[in-house]
Amino acid sequence: MRSDFDDPAVVNRFAHDFCSTLGGKIDRLDVRLRGGDAMGAADAVLSVTTSSAMVGAVRLTQAALRMQRLIAADDLDEALHSLALLRACAADTVAALGRSYPVGIADAAP
C-alpha cells in the first residue's frame, strides 16, 4: 500500500479502517451462511474479498475467493465450515497490519 499513496497517514488510516471493519464483515457473512441466504452471503464475502485485496492481504483474499466459489456452487455448508479458516486468516492479517501500521490497529482485532 505504501507505494500507492504519498502520505503515510492515508495508508495508516486505510489499514486501521480495514481492520476495524473486518470482524463485522465476517460476522455478517456468518449470519448469512447460517441463515441459508446465498445471495446475502455472496454479497458479504465479496466485501471481504474486495477490501482484503485492496489492503494487500493475499492469504485472506485467497480464503475469501475460495468461500466465494463455495457460495456460487451453493455449497453453504462447506462455506460455513470454511469460515474458521477465514477468521484465522483475518486474525493473522490484523496482526501483520498491526506490526506494519501500529497506530490504533492492535485494538481492531476481528
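Along each chain, residue indices are assigned from 1 in the same order as the chain's sequence is written. With the structure being a predicted model, the display of local features is reserved for residues of pLDDT at least 70 and the display and counting of side-chain atom pairs for 80 or more, all residues being used for whole-chain, interface and lining totals. Excluding hydrogens and water, the side-chain values take into account all heavy atoms of the structure.

Novice: I'm lost on the overall build of the protein chain in this one. Help?
Specialist: Counting from the N terminus, the helices are DSSP H or I runs at least four residues long and the strands are E runs at least two residues long. Helix and strand counts for the protein chain come out as four helices and zero strands. Exposure is judged per residue with a 1.4 Å probe applied to protein chains only, and the accessible area is read against the type maximum: over 50% gives exposed, under 20% gives buried, and values in between give partly exposed. Looking at the protein chain as a whole, 41% of its 110 residues are labelled buried. Here, two residues are considered to be in contact whenever any of their heavy atoms come within 4.5 Å of each other. Intrachain contacts of the protein chain at a sequence separation of at least 6 include 58% that bridge at least 24 residues. Each accessible area value is a Shrake-Rupley result obtained with a 1.4 Å probe; residue values ignore everything except the protein chains displayed when judging cover. In the structure as shown, the protein chain presents an accessible area of about 6,000 Å², 56% of it carried by carbon and sulfur atoms.

Novice: Would you take a moment to explain the packing of helix H2 (residues 38-55) against helix H3 (residues 58-72) for this structure?
Specialist: Axis angle and axis distance: for two packed helices, these are the angle between their axes and the distance between the axes, and together they describe the pair. Lines are fitted to the C-alpha atoms to define the axes, a helix being fitted only along its stretch in contact, and any angle between axes, read from their N-to-C directions, falls within 0 to 180 degrees. Packing of H2 against H3 brings their axes to within 9 Å, and their N-to-C directions diverge by 160°. Between H2 and H3, the angle falls in the class roughly antiparallel. In the packing of H2 onto H3, the handedness of the crossing is left-handed. Facing H2, whose interface residues are Ala38, Ala41, Ala42, Val45, Leu46, Val48, Thr49, Ser52 and Ala53, H3 presents Leu60, Thr61, Ala64, Leu65, Met67, Gln68 and Ile71. Only Asp, Glu, Lys and Arg are considered charged, only Ala, Val, Leu, Ile, Met, Phe, Trp, Tyr, Cys and Pro nonpolar, and every remaining residue, Gly among them, polar. Per-class residue counts for the contact of H2 with H3 are 12 nonpolar, four polar and no charged. Any angle between 65 and 115 degrees counts as roughly perpendicular, while under 35 counts as roughly parallel, over 145 as roughly antiparallel, and the rest as oblique. What makes a crossing left-handed is the near helix being turned counterclockwise from the far one by less than a right angle; a clockwise turn instead makes it right-handed.

Novice: For this particular structure, what's the right way to read the nonpolar core?
Specialist: When a protein is soluble and globular, its nonpolar side chains tend to lie buried together. Put simply, a nonpolar core is a bunch of buried Ala, Val, Leu, Ile, Met, Phe, Trp, Tyr and Cys residues held in one set by side-chain atoms that sit within 4.5 Å of each other. Among the nonpolar cores identified, the biggest contains 29 residues, and Leu22, Leu29, Leu33, Leu60, Met67, Ile71 and Leu86 are the most heavily contacted of them. Contact partners of Leu29, with chain neighbours within four places excluded, come to Ala41, Ala44, Val45, Met67, Ile71, Leu83 and Leu86.

Novice: How do you make sense of empty space enclosed by the protein when you look at a structure like this?
Specialist: Take a probe with the size of a water molecule and roll it over the atoms, and the empty space left behind shows itself. Only protein atoms enter the 1 Å grid, on which a cavity is a set of points fitting a 1.4 Å probe that cannot get out and a pocket is an open set with protein on both sides within 12 Å along at least 5 of 7 lines, lining residues being those with an atom within 4 Å of a point. Grid points are joined across faces, edges and corners, and a volume is the space filled by probe spheres set on the points. This structure, assessed with the given rule, holds one cavity of 30 Å³ or more. Put simply, the largest cavity is a space of about 30 Å³. Elements supplying a minimum of two residues to the lining of the largest cavity: H3 and helix H4 (76-100). Residues that form the lining of the largest cavity fall into these classes: four nonpolar, one polar and one charged.

Novice: I keep staring at unusual backbone geometry and nothing clicks. Help me out?
Specialist: Apart from glycine, the bulk of residues carry a negative phi angle, and the bulk of peptide bonds sit in the trans form. In this model, Asp74 sits at a positive phi of 60°, which is unusual for a non-glycine residue. Within the secondary structure, Asp74 is located in the loop between H3 and H4.

Novice: Mind showing me how you'd approach the confidence of the model for the protein chain here?
Specialist: Detailed reading of the predicted coordinates is not advisable wherever pLDDT falls low. On average, residues of the protein chain score 88 in pLDDT, and 85% of them are at 70 or above. H3 holds the highest mean pLDDT among the elements of the protein chain, 97, whereas helix H1 (residues 8-34) holds the lowest, 91. The predictor reports its confidence for every residue as pLDDT, a score running from 0 up to 100.

Novice: Can you walk me through the side chain of Ser52 in this structure?
Specialist: Structurally, Ser52 can be placed in helix H2. Residue Ser52 is classed as buried on the basis of its relative accessible area, which comes to 0%. Excluding anything up to four places from it in sequence, Ser52 contacts Phe18, Ala57, Leu60 and Thr61.

Novice: Explain the packing of H3 against H4 to me, please; I cannot follow it from the model alone.
Specialist: H4 packs onto H3 with a crossing angle of 170° between their chain directions and a minimal axis gap of 9 Å. In this view, H3 runs roughly antiparallel relative to H4, as classed from their interaxial angle. The residues of H4 that touch H3, namely those facing Arg59, Leu60, Ala63, Ala64, Arg66, Met67, Leu70 and Ile71, are Leu76, Glu78, Ala79, Ser82, Leu83, Leu85, Leu86, Cys89, Ala90, Asp92 and Thr93.

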